[in-house]
Amino acid sequence: MLQLLANKGIPFTTASGYAGCLVITFRIYLRYTSTKKVKRFLARLNMATMLVVIGAFCLSVTLLLLAEGYCIVQLTVPDSVAGLIIEDWRSAFFGLFMASVFISGLSYSFEKYKDYLVQEKELERLKRKSLEMEISLLRSQLSPHFTFNTLNNLQFLIRKDKDEALRLLERYSKVLRYYVYESQKERIPLDREVAFLKEYFDLEIDRHVADLQISCHWNMPSGNVHIAPFILSAFVENAFKHVLPNRDNAYFIRQSCELNAHGELVFEIANTFDESETAGRPRGVGLKHVQERLALAYPGRYQLTLTHENELFVARIELKL
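Conventions used here
Residues numbered from 1 in each chain as written. Predicted model: local features only at pLDDT ≥ 70, side-chain atom pairs only at ≥ 80, totals over all residues. Heavy atoms only, no water. Pairing = 2+ DSSP bridges. Helix = DSSP H or I, 4+ residues; strand = E, 2+ residues; numbered from the N terminus. Axes fitted to C-alpha atoms, helices over the stretch in contact; angles between N-to-C directions. Contact = heavy atoms within 4.5 Å. Salt bridge = Lys/Arg side-chain N within 4 Å of Asp/Glu carboxyl O. Core = buried A, V, L, I, M, F, W, Y, C linked by side-chain atoms within 4.5 Å. Buried < 20%, exposed > 50% of the residue type's maximum accessible area, 1.4 Å probe, protein only.

J.: I'd like to hear about the sheet that holds strand β6 (residues 302-309), residue by residue, with values.
T.: Here we have five strands laid out as an open sheet, ordered β2-β4-β5-β7-β6, and mixed in their pairing. Each edge of the open sheet carries a strand with a single partner, namely β2 (213-219) and β6. When strand polarity is set aside, the average angle formed by the axes of neighbouring strands in this sheet is 5°. As judged from the nine bridges shared by strand β5 (residues 264-272) and strand β7 (residues 312-320), these two strands associate in the antiparallel manner. Residue pairing in the sheet places Thr272 in a bridge with Leu312 of β7. The strands touched by helix α10 (residues 232-242) are β2, β4 (252-259), β5, β6 and β7; relative to β5, the strand with the most contacts, the crossing angle is about 10°.

Structure, rendered in structure tokens:
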């Protein structure tokens, strides 16, 4: 409109009316070209054909705008002035065509970017859904070997020491209660996770042979701190699952857990293993799932280090809660 007003022969009503027609026409044009049907049509074309089609769209819009301008000029401007304006149709045509190309390209770029964001969001949703399903499957199949050994111990203790069997059953029920109820929540108090880990260690100590050395160190000040469940326990379970005496006859699990004043949790667990025994075994997916959960639940707020050398596997996680 300002460009038209710069021409002394064009009144304000003509300039504002034509500017309004430009805005409305481009709005309808962009609304139509951004429909799913048109976008699917363009997506099926190769690059050269798509450029030709978009050029045809721009040419059609340009001709329509020229026709609108002609009608507005004829209706609002005296014939002497209208004739001079219409004679300048070539510059108006190329100006409107370049404007159509620019706006079409800008609109197409925005639409592609919007589609990209939608696809990324959908991909993230599917990844979360897939991970939730995998975690749900893990919960439903959690440690059948662990459960089997515990039941065997119960069967033996019932015959030998009923009181000890009841104590073991009570601990095992607490472990199962955590997996059934607490692990379904998005966040739980850190104290509850630590209490569960202590029960888990006590239960494993009861069912393992005496030569397995198990040491735990806890430095957990009380506070209203929450953590995603099924994170630390996966590392503990992995350690008990793979612990074996190494060739130096070392046979131990060592664990430490500390929460510092800055709200950073430092958890480390180490277990011995025998490379000759574990070579060729399929690697479990538990730690892989934990890493994926950490990436989703604590993006940029954790550091996980897994090392295995000299027949010692160490998992260390630094987590900002």
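There is more to say, and it comes next.
J.: Describe the pattern of salt bridges, with residues and values.
T.: Here the structure, examined in full by the defined rule, presents eight salt bridges. The closest approach of N and O atoms between Lys39 and Asp115, which form a salt bridge, is 3.4 Å. Residue Lys39 is located in helix α3 (residues 36-43), and its partner Asp115 is located in helix α6 (residues 89-140); the two are separated by 76 residues in the primary sequence. Put simply, Lys39, Glu111, Lys114 and Asp115 are held in one network by salt bridges that share partners.

J.: Please set out the nonpolar core residue by residue, giving values where relevant.
T.: Counting 39 residues, the largest nonpolar core has Ile227, Leu232, Val236, Leu265, Phe267 and Ile269 as its most contacted members. Of all the elements in the fold, those that place two or more residues in this core are α8 (162-180), α9 (190-207), α10, β4, β5, α12 (286-297) and β7. By residue number, the principal contributor to this core is α9, which donates seven residues. With residues near it in sequence (within four places) discarded, Ile227 still touches Glu186, Arg187, Ile188, Leu190, Glu193, Leu232, Leu265, Tyr298, Leu319 and Leu321. Grouped together as the second largest cluster of nonpolar side chains are 14 residues, Tyr18, Leu22, Leu42 and Ile72 included.

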